[in-house]
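Here's the letter readout for the chains.
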Amino acid sequence: MLVSDASWVRNQVGAALSGSAQIVPVADPYQVETTAKGMDLSIVDMQVGSMGGMAITRTLKALGSQTGPILLLLDRSADSFLAKRAGADSWLVKPFNPQELRKALADIMPIGAVG
């Protein structure tokens, strides 16, 4: 699942994972709870509409084992403490290249889950 209301973020993640993962885009942060159940992974943009990446991450963590690991896309490296505080499993600073995204996902996913 990719939670972002910014088309450039959705496009960048989609291009980086093209052919290696099915992406379920979510632009409305209030749909996260119902969409996340059964997902293998969530990629969450730090800046999402009226909720924000920290609140979305906390919402996902509250669902427990029903969702997979969470990668938070940060606006700046100094925000890493926010990612930790929210409970993200990993984070990456935007903009990123495809290799950086795939490596960050490989670090939190089972081997072979993300190409």
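Residues numbered from 1 in each chain as written. Predicted model: local features only at pLDDT ≥ 70, side-chain atom pairs only at ≥ 80, totals over all residues. Heavy atoms only, no water.

1. Thoughts on helix 5 (residues 98-108)
Helical geometry: 3.6 residues make up each α-helical turn, so side chains three or four residues apart lie on a common side. Defined as follows: Remark: exposure states derive from per-residue accessible area (1.4 Å probe, protein chains only) relative to the maximum for the residue type, with buried under 20%, exposed over 50%, and partly exposed in between. Strands are runs of DSSP state E lasting at least two residues, helices are runs of H or I lasting at least four, and both sets are numbered from the N terminus onward. Directions are taken from the helix axis to each C-beta atom, and the arc is the one they span. Whether two residues are in contact is decided by their heavy atoms: any pair within 4.5 Å suffices. Under the rule applied, a polar contact is a pair of N or O atoms within 3.5 Å (in protein, one hydrogen donor and one hydrogen acceptor; residues adjacent in sequence only if both atoms are side-chain atoms).
Three or more residues of helix 5 are buried, namely Leu101, Ala104, Leu105 and Ile108. The arc that holds every buried residue of helix 5, seen down its axis, measures 95°, which confines them to one face. Structural note: helix 5 exposes Gln99, Lys103 and Asp107 on the side pointing more than 90 degrees away from its buried face. Tucked inside the fold, the buried residues of helix 5 contact helix 1 (7-17), strand 3 (42-45), strand 4 (70-74) and strand 5 (90-93). The distance from a side-chain oxygen at the start of helix 5 to the backbone nitrogen of glutamine 99 is 3.0 Å, and the residue carrying that oxygen is asparagine 97.

2. So, the environment of glycine 68
In this fold, glycine 68 is placed in the loop between helix 3 (53-62) and strand 4. Once the C-alpha coordinates of glycine 68 and leucine 41 are considered, the two residues, 27 residues apart in sequence, prove to be 4.4 Å apart. If sequence neighbours within four positions are ignored, glycine 68 has contacts with Met39, Asp40 and Leu41.

3. What to know about the pattern of salt bridges
Selection criterion: In the sections that follow, a salt bridge refers to a side-chain nitrogen of Lys or Arg positioned within 4 Å of a carboxyl oxygen of Asp or Glu.
Scanning the entire structure with this criterion turns up five salt bridges. With a closest N to O distance of 2.5 Å, lysine 94 and aspartate 45 form a salt bridge. Placement of the pair is lysine 94 in the loop between strand 5 and helix 5 and aspartate 45 in strand 3, with a sequence separation of 49 residues. Residues lysine 94 and aspartate 75 are paired through a salt bridge, measuring 2.8 Å at the closest nitrogen-oxygen approach.

4. Observations concerning helix 1
Every buried residue of helix 1 is listed here: Val9, Val13, Ala16 and Leu17. One side of helix 1 carries all its buried residues, which in axial view fall inside an arc of 90°. Exposed positions of helix 1 whose direction lies more than 90 degrees from the buried face are Asn11 and Ala15. Contact partners of the buried residues in helix 1: strand 1 (2-3), strand 3, strand 4 and helix 5. Positive backbone phi, approximately 80°, marks glycine 19, located one or two places after helix 1.

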